[in-house]
Amino acid sequence: MLFIHGGGFQGGDKNSVGDVSSYHLQGWSVAAINYRLTNVLPAPGQYLDCARALQFLRANAAKYNINPKLVASTGGSAGAGTSMWLAFHDDLADSKSDDPVARESTRLTSIAVLNGQSSYDPRFAEKIGIPRPNYERHSFFEPFYAIKVSEADTPEAYRRYEVAAPITYLTKDDPPAMLIYTYMNEEVTATSNLGLVVHHPKFGIALKEQMDKLGIECVVQYRGNKPGETVRQGGGEPTNPIDFIRRHFEAAAK
């Protein structure tokens, strides 16, 4: 299990991994990683740091006693978006590199993430029902893209949005995904709470629509209207990340 912390790409630390006993009870190792934040470099630098960490783990699989073929990723918010980017992006392995780490794969078996964004493109958010201004309201926006809000609708900004959006890279050979949201699927206005705006279940629902078309399993669950209620998009009984990941580890192992 690869744990990627959240924090708007501006803060956070791998120590937020918390209690990992539920993973250890399954016999799984956990690797919590750090990455450079946007005060150091803009996107996609954070994604590439995490890809490199994954490659490092695979290159040292014997040392850490892990199975390099079975790696899932988890995390919340920025960690969720980064997990999705890794899951959907083409393999970054460079088979001709002199660096043994760079020759390792960046592909994942599955992901199970919390409050994740399938795109950081404000136009995409608007298209799925989150009116503008949306991402532009968040402090992550300018340093993440290395642009000013006043430049949000320029050709260069559009190019950067495409590069940074996990859903840009989605293809039929990508791994299954589970997305959990602590927010309800409620209407959004230009003045809605910023936490809802950038962590809305609509980002997961839009991803599921695309993954369903490609025949890739995607489970999206979010908070219902009743106390303690969990809604599974498309119907069915809610499941949990451990069961989801285990099932796909077992399938990949076969």
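Residues numbered from 1 in each chain as written. Predicted model: local features only at pLDDT ≥ 70, side-chain atom pairs only at ≥ 80, totals over all residues. Heavy atoms only, no water.

Student: Would you take a moment to explain the overall build of the protein chain for this structure?
Tutor: Summing up its helical and strand segments, the protein chain has ten helices and seven strands in all. Expected size for 254 residues packed as a compact globule is a radius of gyration near 18 Å; at 18 Å, the protein chain falls within 12% of this value. Considered along the principal axes of its C-alpha atoms, the protein chain spans approximately 50 × 45 × 35 Å. Within the protein chain, contacts between residues separated by at least 24 positions form 69% of all contacts whose residues are at least 6 apart in sequence. When the accessible surface of the protein chain is totalled, it reaches about 11900 Å², and 50% of it is carbon and sulfur. (Helix = DSSP H or I, 4+ residues; strand = E, 2+ residues; numbered from the N terminus. Rg over C-alpha atoms; globule rule 2.2 N^0.38 Å. Contact = heavy atoms within 4.5 Å. Areas by Shrake-Rupley, 256 points an atom, 1.4 Å probe, with all protein chains shown as cover.)

Student: Help me understand the nonpolar core in this model?
Tutor: L2 and L179 are the most contacted members of the largest nonpolar core, which has 58 residues in total. Sort the elements by how many residues they give to this core and helix α4 (residues 78-88) lands first, with seven residues. Contact partners of L179, with chain neighbours within four places excluded, come to M84, V113, G204, L207, C218, V219, V220 and Q221. In terms of nonpolar packing, the next biggest core, distinct from the first, is built from twelve residues, M1, M178, I242 and F244 among them. (Core = buried A, V, L, I, M, F, W, Y, C linked by side-chain atoms within 4.5 Å. Buried < 20%, exposed > 50% of the residue type's maximum accessible area, 1.4 Å probe, protein only.)

Student: Would you explain the packing of aromatic side chains in this entry?
Tutor: How two aromatic rings sit relative to each other is set out by the distance from centre to centre and by the angle between their planes. Inspection of every chain in the model, using the stated rule, returns 21 aromatic pairs. Consider the rings of Y120 and Y135, whose centres lie 5.8 Å apart with planes at 45°: the pair is tilted. Highlighted residues: Y120 in the loop between β4 (110-114) and α5 (122-127) and Y135 in the loop between α5 and α6 (141-145), separated in sequence by 15 residues. Ring geometry for F140 versus F141: centroids 6.3 Å apart, planes at 85°, classification edge-to-face. Each member of the pair F140 and F141 is classed as buried. Taking NZ or CZ as reference, R123 lies 3.9 Å from the ring centre of Y158, over its face. (Phe/Tyr/Trp six-rings, centres within 6.5 Å; stacked < 30°, edge-to-face > 60°. Lys NZ or Arg CZ within 6 Å of the ring centre and 35° of its normal.)

Student: Looking at this structure, how should I read the sheet that holds strand β7 (residues 230-232)?
Tutor: Within a sheet, neighbouring strands are paired by backbone hydrogen bonds and run either parallel or antiparallel to one another. On the basis of which strands lie adjacent, the open sheet formed by seven strands has the order β2-β1-β3-β4-β5-β6-β7 and mixed pairing. The outermost strands of the open sheet, each flanked by one partner alone, are β2 (31-33) and β7. Strand-to-strand twist in this sheet, taken as the mean axis angle between neighbours without regard to direction, amounts to 20°. Contacting β1 (2-4), β3 (72-76), β4 and β5 (177-184), α4 runs over the sheet at an angle of about 150° to β3. Strand contacts of helix α9 (residues 201-214): β5 and β6 (218-223), with the helix running at about 150° to β5, the strand carrying the most contacts. (Pairing = 2+ DSSP bridges. Axes fitted to C-alpha atoms, helices over the stretch in contact; angles between N-to-C directions.)

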